[in-house]
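Coordinate inspection notes
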Amino acid sequence: MKPTAHFLVVLLSVTTLGLSAGAAAQNATGALYATVTDAEDAPLPGVAARLSGLGESLAQLSDGQGRVRFPGLEPGEWSFEASLDGFSTVEYPRVEIRAGRSTTLEVQMSPAVEDRITVSGQPPALDERKVAVGKILGREGIETVPNAYDPWSLLNQSPGVLVDRIAVGGSVSTQSAFAAPAVGFSENEWLTDGVEVTDQAGEGGNPSSYFDLDQFAQVEISTGGNEITKAKAGVSINLVTRRGTNELRGSARYLATEDDLLFFQQSSSGVDPGDFPPGQGQVSTDSVESIENYGFEIGGPILRDRLFFWTSYGENVSLERNIGGQEQETTVESVGAKLNAQVSAANSALVSWTTTDKRVPNRGGGPLRAPEALENQRGPSDLLKVEDTHLFSSRLFLSGSYSEVGGGFSLTPIACITAGSCAAAPEPLLNDDGVVEGSFRALSSQRPSEQLLLEGSAFFGARETSHEIKVGSRLREFEVETAEEIPGGRDLINFAGSNLGLPDGLGVFILQRSPAAPVVLEYTSLWIQDTVTRGRWTVNGGLRYDLQEGNNEPASVRANTAFPELLAALDFPGDETIDWESVSPRIGATVALGEDRQTLLRASFSRFAGALSTGVVERVNPVGISYATFLFADLDLDDRWAGPAEPVIQLVGFGGFDPADPTALETPNRNDPGLDPEITDEWILAVEHAVRPELVVGAHLTWRRRSDILEGRSFVRDLATGEERVAVATDFVPFTTVMVEQPGGGPFAVEYFRLVDGLSFTGGSLLTNGDREVEYQGLALTVAKRLSNGWMLDGYLNFGTPEWDVPPGFAAFDDPTRTGGDRDGELFGLSFVGFNQAQVIESGWSFSVTGLYEVASEKPWGFTVAGNVYGREGYPIPYVVSRPVPGSGRVRALAVEQLGDFRYDDVVTTDLRVEKELELRDDLSLTLSADLFNVFNEGYVLERNVDLGTRTANYVLGTLSPRIWRLGARLHWR
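Residues numbered from 1 in each chain as written. Predicted model: local features only at pLDDT ≥ 70, side-chain atom pairs only at ≥ 80, totals over all residues. Heavy atoms only, no water.

1. Notes on the nonpolar core
As a rule of thumb, soluble globular proteins bury nonpolar side chains together. Put simply, the rule reads: Throughout, nonpolar core names a set of buried Ala, Val, Leu, Ile, Met, Phe, Trp, Tyr and Cys residues whose side chains join them through atoms within 4.5 Å. Buried, partly exposed and exposed residues are distinguished by accessible area as a fraction of the type maximum, computed with a 1.4 Å probe on protein chains only: under 20%, between the cut-offs, and over 50%, respectively. Counting from the N terminus, the helices are the DSSP runs of H or I reaching at least four residues and the strands are the DSSP runs of E reaching at least two. Note on contacts: a residue pair qualifies if any of its non-hydrogen atoms lie within 4.5 Å across the two residues.
With 41 residues, the main nonpolar core has Val 740, Val 750, Tyr 752, Tyr 879 and Ala 895 as its most contacted residues. Elements with a minimum of two residues in this core: β19 (287-303), β45 (732-742), β46 (746-755), β55 (880-885) and β56 (889-894). Those residues in contact with Val 750 that sit more than four places away from it in its chain are Thr 736, Thr 737, Val 738, Val 740, Val 881, Ala 893, Leu 894 and Ala 895.

2. Re the state of the cysteines
Definition in use: For this text, the term disulfide refers to a pair of cysteine sulfurs within 2.5 Å.
Across all of its chains, the model carries one disulfide by this definition. One disulfide in the model links Cys 416 with Cys 422; its S-S distance is 2.1 Å. Handedness of the Cys 416-Cys 422 disulfide follows from its S-S torsion of about 105°: it is right-handed. Both residues of the pair, Cys 416 and Cys 422, belong to the buried class.

3. A closer look at the confidence of the model for the protein
Defined as follows: Confidence scores per residue from the predictor, reported as pLDDT, run from 0 to 100.
Taken as a whole, the protein shows an average pLDDT of 85; of its residues, 92% reach a score of 70 or greater. Low confidence marks residues 1-26, where pLDDT is under 50. Its contacts with residues over four positions away, or in another chain, come to 71 contacts. Every residue in residues 821-835 is under pLDDT 50, and counting partners more than four places away or in other chains gives 61 contacts.

4. Regarding the side chain of Asn 147
Worth spelling out the cut-off: Think of a polar contact as two N or O atoms within 3.5 Å of one another; within protein, one of them needs to be a possible hydrogen donor and the other a possible acceptor, and neighboring residues in sequence only count if both atoms come from side chains.
Within the element layout of this structure, Asn 147 appears in the loop between α2 (139-143) and β10 (162-163). Judged by its relative accessible area of 3%, Asn 147 falls in the buried class. Polar side-chain contacts of Asn 147 include one of 3.0 Å to the backbone oxygen of Ile 142. Dropping the residues within four chain positions of it, Asn 147 is found in contact with Gly 141, Ile 142, Ser 153, Leu 154, Leu 213, Phe 933 and Arg 966.

5. Some words on the packing of aromatic side chains
Definition in use: The rule is short: rings of Phe, Tyr and Trp, with Trp giving its six-membered ring, pair when the centres are within 6.5 Å, and they are stacked under 30 degrees, edge-to-face over 60, tilted in between. Charge over a ring is defined by NZ of Lys or CZ of Arg lying within 6 Å of the ring centre and within 35 degrees of the ring normal.
Under the counting rule described, the total for this entry stands at 17 aromatic pairs. Note on Tyr 879 and Phe 902: the rings are 5.4 Å apart at their centroids and 80° apart in plane angle, and the pair reads as edge-to-face. Of this pair, Tyr 879 sits in the loop between β54 (863-872) and β55 while Phe 902 sits in the loop between β56 and β57 (907-921), and the two are 23 residues apart along the sequence. Looking at Arg 243, its charged tip hangs above the ring of Phe 308, at a distance of 5.1 Å from the centre. One Lys or Arg, Arg 713, reaches over the ring of Phe 813 and ends 3.9 Å from the middle of that ring.

6. Re a nonpolar patch on the surface
As a reminder of what qualifies: Two joining distances apply to patches: 9 Å for like charges and 5 Å for nonpolar side chains (Val, Leu, Ile, Met, Phe, Trp, Tyr), and every residue must have over 30% relative accessible area and no salt bridge. The Shrake-Rupley method, run with a 1.4 Å probe, gives the accessible areas here. Residue values count only the displayed protein chains as cover. We define a salt bridge as a contact between a side-chain nitrogen of Lys or Arg and a carboxyl oxygen of Asp or Glu at a distance within 4 Å.
Judged by side-chain polarity, Ile 302, Leu 303, Leu 339, Val 351, Trp 353, Leu 384 and Val 386 come together as a nonpolar surface patch covering roughly 580 Å² of accessible area. By secondary structure assignment, the location of Trp 353 is in strand β22 (residues 347-363).

7. What about the environment of Ser 843?
Among the structural elements, Ser 843 can be located in the loop between β52 (838-840) and β53 (845-855). The class for Ser 843 is buried, based on a relative accessible area of 6%. Measuring from C-alpha to C-alpha, the distance between Ser 843 and Gly 900 comes to 9.8 Å, with 57 residues separating the pair along the chain. Engagement of the side chain of Ser 843 in a polar contact is seen with the backbone oxygen of Glu 873, the distance being 2.6 Å.

8. Let's talk about the sheet that holds strand β39 (residues 648-655)
We count it as follows: Two strands form a pair only when DSSP identifies at least two bridges running between them.
The strand order across the open sheet built from six strands is β27-β26-β30-β31-β38-β39, with neighbouring strands paired in mixed fashion. Each edge of the open sheet carries a strand with a single partner, namely β27 (436-437) and β39. As paired strands, strand β38 (residues 626-633) and β39 are joined by six bridges and run antiparallel to one another. Across the sheet, Tyr 627 pairs through a bridge with Gly 655, a residue of β39.

What follows is the structure in structure tokens.
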């Protein structure tokens, strides 16, 4: 990592602050705050407070206001004890500490009548210091409730989070796309033990990792709030790994799913035959052939009270059958290890390492991919973290860490393997049925990153007022270097003319100059926040500063083989492309009402700056992706361009380079010199009420506004004068009108436009901040009851839909064709994932209810039942039609009037579990479980071919998997 002047300034600032301030690692650790009073509610100073359970015991004396603070605690279950001469000792044997949260205890001590008073149960569930909105799942929520056993399957349990797919018992073994309301995918954030591992080249994805949930003590999902360490406005997922303690303990699991598992058989598909359009017929639907999930984790002391270890291994092997009848086997292997050292009573250190590898033969199968066009995927990724934490006193805490992430993946087409090389393999073809055949692209992408993090907290105050100052600094460097090749030796993709509405004898091909554009992103952040408590009030306010820099590194790219004079070889010296600076305020207030402070009112405001991704930087790189689209005479009617023997009729479209100057070391794309990150402002008003200490109901209103939205505007050239400028709507004239038949909706006219005579595109565009905005107003109703008295309940009901505010001036720019990109304000969340596949993640309502009940727990035969019901409004279907337009290339235009005119069916799914724990001996137990996923065998259609101009229009591409069973056994020892 190359230290920058910015980071040195930040490091110096934080180090200086660290002499009088410091901070708990907000995303990796938790804290305990206790106030000790006598029977008359008067503060008790000098009380000896001790915390034990995970490593060496921690001890403090209460201050003049009866307060004790234990920051920087490892998540897990601790024991708290308070003692003072003349008073009975008070003990809380089970105090749960959660990552990024503060657990509060109100300890009342009585004159010594008995030696020890034990307080059963957990502390109150209300957290007056909470600043984040979301969900925290501990081991109970992971192990005891039916889920697919990956982080994506847990996202539906957090209000407001929408996921593109539903994994029935693990039936979907790929990463899911997900979003928070009114926020793009790129604003999502992945963290492991507070280390950001987000893939900035993958639109907010994780670094090719497919986690083993047994590695984690907690999964923290955050969708909003004024937490100062939260950098992005989207969904933040923090995975907190386990650690060793003074007690040797561990577990091993084996989970098995088979389509014919003993007498537990997978149901046949529940898809309605009427959901298949004429011509497709009822084919096999998505289903699970088998899933094996097994592994172990173990941790304990190496030197009691001083040195601890923890390690794990897990493997998931799934065999799935897609809707086209093709089989795909996916293997995910995960290894983790951690060493924790209690160097002294005031200092602790850790080293942790995790690695995952995903191997997928025949990836990408379905009705729109021929078997030879599938790919083999490989994606090893690893994380190394070194951290040191020092507690200077009960009032001063400081933590620093360094981490490395080795991310990346590769995709190798089956056709390349069969032919011995990609050069010898056939070229890709989108045939007249809209099916990709021949081959697909080969891709290898390396995405390493490094991070330095320094955080601290300081506590001070007088009388009833206390302050907690948190400061922190993060420097992260992210790199991406991608090599791409289109098989066939010509870097060329063929399109059947009939697939694009052309008559027989005409075809289209796209040339590509394979990119070689390494990009380096650097993120420098500094934050400070003060949490002030006085009486019933808790007020927190803070500022964070972010500097985001992007550079295109030196690189060379070879010429396109078929048209070397057009897509020429280039040697690029590199440049510093962009830097964004932003200051984001966060402020919130909470007041506790009622005699027992059982009701909380909260209000907060937060501003988030949009994340800089590699796409913004790479688009102005001349050796990035460049392409040219040609119309040709298909004389032999095989839909493939045969070279000079089949005359090229017209250059239809191009991008990433200027045909008038193909060897220029400057791309025709431009970023506005004043380009700024997108801004998301968020206001939250919430109320929470503890019906009982362990049962909390709540409601929160969320209002978000996303502004300064990035948008591209095409450049055109006046052929008479050579002048270049941004295109405006009056530069376009009608080109053609395409009539399509909407499914069940009758004929629909799609109008295409082309440039007027005398103008041509330059192949580039301007990226600038537009004046469109997205607003979201949502209401979430929540209920949460911890496991007590034999039952647990957790659920939410969320309402709200993002709405675009598109001013009249927006229509003055660019092509009036209603394109299927982000030009139309209604198309928020539209993401094309294939030639004719598209996803829109948007629902007006969603809900989730998770529960657990212990049946006859006092009886030897007692058992536990658990379940989850999830539902949401069906996502919109963005029907489109594709046509070649002179100067513009292949244009995909909307074939619907409004985005919500066509929707998939509303989704409601139910999963159940029955488990029985057998005590084999005092330190050994065996839990047997049976999960039933998709209990009512719902057969929802989740994905279709949205291009109405193809012969396979509206074909079903994805369905909810049928009902399946999973049997499991888990051995716990301690």
